[in-house]
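Examination of the molecular architecture
Chain residues, written in single-letter form:
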Amino acid sequence: MYEFYGKMNDLEKENKELLRVHKSFLVNPSHIKSIDFKTRTIIFPEEYMCNFSLAKSKYLKKL
C-alpha cells in the first residue's frame, strides 16, 4: 500500500501490470489472494483489502 501525490492515470499508464479496480485503487492482479464478489472486496496477503467497482466484476471473474 502506497500513498503518493500525482495522477492515478499517469501511474496506470506507466505500469501496465497494474489494474484500476476503483477510482482510488490500482492493484497488481498477481498479488490477489481472493475476491469476494458479494461484498466487492479484494483480499491480499497480510489481510490487506480494498473495494472494487461493479464495472470491474466481469474482468476480475476472468482472472
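Right, let's walk through the structure included here. Keep in mind the model is a prediction, meaning the values are calculated, not measured.

Observations concerning the overall build of the chain
- If you tally the helices and strands in the chain, you get two helices and five strands.
- For the chain, the N- to C-terminal ordering of α and β elements is α-β-β-β-β-β-α.
- Computed over its C-alpha atoms, the radius of gyration of the chain comes to 12 Å, within 12% of the 11 Å expected for a compact globule of 63 residues.
- In terms of overall dimensions, the chain has a C-alpha envelope of 30 × 25 × 20 Å along the principal axes.
- Relative to its full complement of 63 residues, the chain shows a buried share of 24%.
- Within the chain, residue pairs in contact and separated by at least 24 positions form 24% of the contacts whose partners lie at least 6 positions apart.
- Carbon together with sulfur atoms contributes 53% to the accessible area of the chain, which is approximately 5300 Å² in total.
- One finds the centroid of the 12 positive side-chain charges in the chain at a distance of 12 Å from the centroid of its 8 negative side-chain charges.

Structural notes on the environment of Arg20
- Note on placement: Arg20 falls in strand 1 (residues 19-22).
- Residues Arg20 and Arg40, 20 residues apart in the sequence, show an inter-C-alpha distance of 14 Å.
- Contact partners of Arg20, with chain neighbours within four places excluded, come to Met8, Asn9, Glu12, Phe25, Leu26 and Lys56.
- At 2.9 Å, the side chain of Arg20 and the side chain of Asn9 are in polar contact.
- At 3.3 Å, the side chain of Arg20 and the backbone oxygen of His22 are in polar contact.

Comments concerning the sheet that holds strand 3 (residues 34-36)
- Taken in spatial order, the three strands make up an open sheet running 3-4-5, and their pairing is antiparallel. Both outer strands of the open sheet, strand 3 and strand 5 (49-51), are each paired with one neighbouring strand and no more. Going across the sheet, the axis of each strand differs from the next one's by a mean of 20 degrees, ignoring polarity.
- Bridging between strand 3 and strand 4 (residues 41-43) involves three bridges; their strand directions are antiparallel.

Description of the packing of aromatic side chains
- If you walk through the whole model with that rule in mind, you get one aromatic pair.
- Seen from their ring centres, Phe37 and Phe52 are 5.8 Å apart, and the 75 degrees between their planes marks the pair as edge-to-face. Residue Phe37 is located in the loop between strand 3 and strand 4, and its partner Phe52 is located in the loop between strand 5 and helix 2 (57-62); the two are separated by 15 residues in the primary sequence.
- By relative accessible area, Phe37 is classed as partly exposed at 32%.
- Its guanidinium or amino end placed over the ring of Phe37, Lys61 lies 5.3 Å from that ring's centre, counting from NZ or CZ.

The rules behind the values
Residues numbered from 1 in each chain as written. Predicted model: local features only at pLDDT ≥ 70, side-chain atom pairs only at ≥ 80, totals over all residues. Heavy atoms only, no water. Helix = DSSP H or I, 4+ residues; strand = E, 2+ residues; numbered from the N terminus. Rg over C-alpha atoms; globule rule 2.2 N^0.38 Å. Buried < 20%, exposed > 50% of the residue type's maximum accessible area, 1.4 Å probe, protein only. Contact = heavy atoms within 4.5 Å. Areas by Shrake-Rupley, 256 points an atom, 1.4 Å probe, with all protein chains shown as cover. Lys, Arg positive; Asp, Glu negative; His and termini not counted. Charge placed at Lys NZ, Arg CZ, Asp CG, Glu CD. Polar contact = N/O pair within 3.5 Å; in protein donor to acceptor, adjacent residues only side chain to side chain. Pairing = 2+ DSSP bridges. Axes fitted to C-alpha atoms, helices over the stretch in contact; angles between N-to-C directions. Phe/Tyr/Trp six-rings, centres within 6.5 Å; stacked < 30°, edge-to-face > 60°. Lys NZ or Arg CZ within 6 Å of the ring centre and 35° of its normal.

Purely spatial values, then, with no claim about function.
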